[in-house]
Each structure stands twice: as C-alpha cells, then as structure tokens.
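Fold and geometry: a report
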Amino acid sequence: MIERTLAIIKPRAVARNIIGDILKMMEENNLKIVALKMIHMDRKVAAGFYYVHKDKPFFTSLIKFMTSGAVIVAVLEGKDAITRYRKLMGSTNPDKADEGTIRKKYAESLQANAVHGSDSPESAEYEISYFFNATELRPYHY
Ligand code: CDP
Ligand code: MG
C-alpha cells in the first residue's frame with residue numbers, strides 16, 4: 001500500500017551538515033520526499049509532538065534536545081513507507097542498529113539518534129498534520 005510517513009532529521013544531524021547524506025539514503029530507498037522544511041521547535045511544539053512520551057523518564061531531556069537547534073521535517077511517500085522507513089532508520093538505540101541503517105551510520109547517542117520516523121499509520125497521520133497543512137500536502141506528481 002502507498003503510505004506517507006513523517007521523518008525528522010534531529011538537531012545534531014542538522015548541525016553536523018549531514019542533512020544531504022540522510023535525505024540521500026531516504027531517496028535511494030525509494031522513499032519520495034513529498035514535503036520538506038526546516039523549523040526550530042519551541043518547547044510547546046516539541047511536547048505536543050512527543051505527547052505519547054509525556055510520562056517517560058526521558059521526556060524532559062528529549063524536549064530539551066529537540067528544541068536545541070533546527071530540524072528538518074519531511075513527509076516520505078512510497079510502498080509500505082511507514083515500515084520501510086522504520087527499517088531504514090534502524091533501532092532506537094544505535095548500539096543495536098543494523099549495518100546500513102541511518103542510525104547505525106549517523107547516531108551519536110540513544111537520544112541524538114539522527115532521525116525520527118512515525119511508528120504506525122495512526123501516528124503518521126497525527127505527525128504529518130502536526131507539521132504540514134493541506135496546501136503543503138498536495139498529491140505528488142510523479
Ligand atoms: O524514535 P523511536 O520511535 O525509535 O523511539 P521512541 O521510543 O519513540 O523514543 C523517542 C525518542 O526519544 C528516541 O528516538 C530518542 O531520541 C529518545 N529516547 C531517549 O532519549 N531515551 C530513551 N531511553 C528512549 C528514547
Ligand atoms: Mg517513536
């Protein structure tokens with residue numbers, strides 16, 4: 001099924017000048033970039049995005065990290081995009097990430113693990129509409 005998923009290139013990866021390398025891995029894996037922008041989240045925006053984690057011990061630290069610099073938010077489209085992009089990202093903990101994954105290659109730590117990706121169709125819908133409005137999400141013309 002053709003799906004859309006929300007990707008974020010996290011602050012440390014943006015700061016390290018590896019936006020292009022990460023976008024290239026997405027494109028090479030047949031994930032079409034159908035929306036893209038750079039933003040700098042404030043605490044409220046980041047907390048709303050990560051509300052599912054609000055009771056986790058790492059929440060405060062995660063919000064601090066995600067608001068520490070600019071990020072790239074993007075919508076990726078393709079066949080089974082949600083699970084295929086999760087696979088391309090690799091495990092949350094880069095020590096456990098497989099070779100060839102974005103996190104294995106670019107993560108600096110469990111927190112600064114280079115990228116975010118939606119984990120289900122429901123979260124993809126929430127996360128895409130959190131950052132992109134209807135005019136930014138017109139059908140992509142292949
Ligand atoms: O990003 P992913 O869906 O793989 O993992 P998550 O469990 O949804 O956690 C969201 C993010 O919180 C992770 O990507 C890490 O940046 C951060 N995190 C953390 O700082 N410490 C943890 N113990 C777990 C996650
Ligand atoms: Mg998650």
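Residues numbered from 1 in each chain as written. Chains lettered and ligands numbered in written order. Predicted model: local features only at pLDDT ≥ 70, side-chain atom pairs only at ≥ 80, totals over all residues. Heavy atoms only, no water.

All right, on to helix α5 (residues 81-89) then. Note that an α-helix has 3.6 residues per turn; residues three or four places apart therefore point the same way. Ala81, Ile82, Tyr85, Leu88 and Met89 are the residues of α5 that are buried. Down the axis of α5, the buried side of the element spans an arc of 130°, and every buried residue falls inside it. Pointing more than 90 degrees away from the buried face of α5 are the exposed residues Thr83 and Lys87. On its buried face, α5 is in contact with β1 (2-9), α2 (19-28), β3 (71-79), α6 (102-106), β4 (115-117) and α7 (121-131). (Buried < 20%, exposed > 50% of the residue type's maximum accessible area, 1.4 Å probe, protein only. Helix = DSSP H or I, 4+ residues; strand = E, 2+ residues; numbered from the N terminus. Arc of directions from axis to C-beta. Contact = heavy atoms within 4.5 Å.)

Time to look at the packing of aromatic side chains. Here the structure, examined in full by the defined rule, presents 6 aromatic pairs. Ring centres of Phe49 and Tyr50 lie 4.9 Å apart, and the angle between their planes is 80°; this geometry places the pair in the edge-to-face category. Judged by its relative accessible area of 3%, Phe49 falls in the buried class. The exposure class assigned to Tyr50 is buried, which follows from its relative accessible area of 5%. It is Lys37 that lies over the ring of Phe132; its NZ or CZ is 4.6 Å from the centre. (Phe/Tyr/Trp six-rings, centres within 6.5 Å; stacked < 30°, edge-to-face > 60°. Lys NZ or Arg CZ within 6 Å of the ring centre and 35° of its normal.)

Looking now at the pattern of salt bridges. Oppositely charged side chains can pair when the atoms bearing their charge come close. Tallied over the full model, the rule gives 8 salt bridges. With its nearest N and O atoms 3.7 Å apart, the salt bridge here joins Arg16 to Glu108. Placement of Arg16 in the loop between α1 (11-15) and α2 and of Glu108 in the loop between α6 and β4 is noted, with a sequence separation of 92 residues between them. The partly exposed category is assigned to Glu108, whose relative accessible area is 39%. Where Lys54 meets Asp55, a salt bridge forms, and the shortest distance between an N and an O atom there is 3.6 Å. (Salt bridge = Lys/Arg side-chain N within 4 Å of Asp/Glu carboxyl O.)

The environment of ligand 1 is formed by Lys10, His53, Phe58, Leu62, Arg86, Thr92, Arg103, Leu110, Gln111 and Asn113. In the model, an oxygen atom of ligand 1 is placed 2.8 Å from a nitrogen or oxygen of the His53 side chain. Contact distances for ligand 1 include 2.5 Å between an oxygen atom and a side-chain N or O atom of Thr92. Isolated, ligand 1 exposes 510 Å² of accessible area, and the fraction of that covered by the protein chains is 80%. Among the residues making up the shell around ligand 1, the classes are represented as 3 nonpolar, 4 polar and 3 charged. (Near = heavy atom within 4 Å. Polar contact = N/O pair within 3.5 Å; in protein donor to acceptor, adjacent residues only side chain to side chain. Areas by Shrake-Rupley, 256 points an atom, 1.4 Å probe, with all protein chains shown as cover. Nonpolar A, V, L, I, M, F, W, Y, C, P; charged D, E, K, R; others polar.)

Turning our attention to a nonpolar patch on the surface. There is a patch of nonpolar side chains on the surface, built from Tyr51, Val52 and Tyr126 and spanning about 290 Å² of accessible area. Following the sequence through the fold, Val52 ends up in the loop between α3 (43-49) and α4 (59-66). (Patch = residues over 30% accessible without salt bridge, like charges linked within 9 Å, V, L, I, M, F, W, Y side chains within 5 Å.)

Residue position: Ser120 is located in the loop between β4 and α7. Residue classification places Ser120 among the buried positions, given a relative accessible area of 18%. Separated by 3.4 Å, the side chains of Ser120 and Asp119 make a polar contact. Within the structure, the side chain of Ser120 is placed 3.1 Å from the backbone nitrogen of Ser123, a separation counted as a polar contact.

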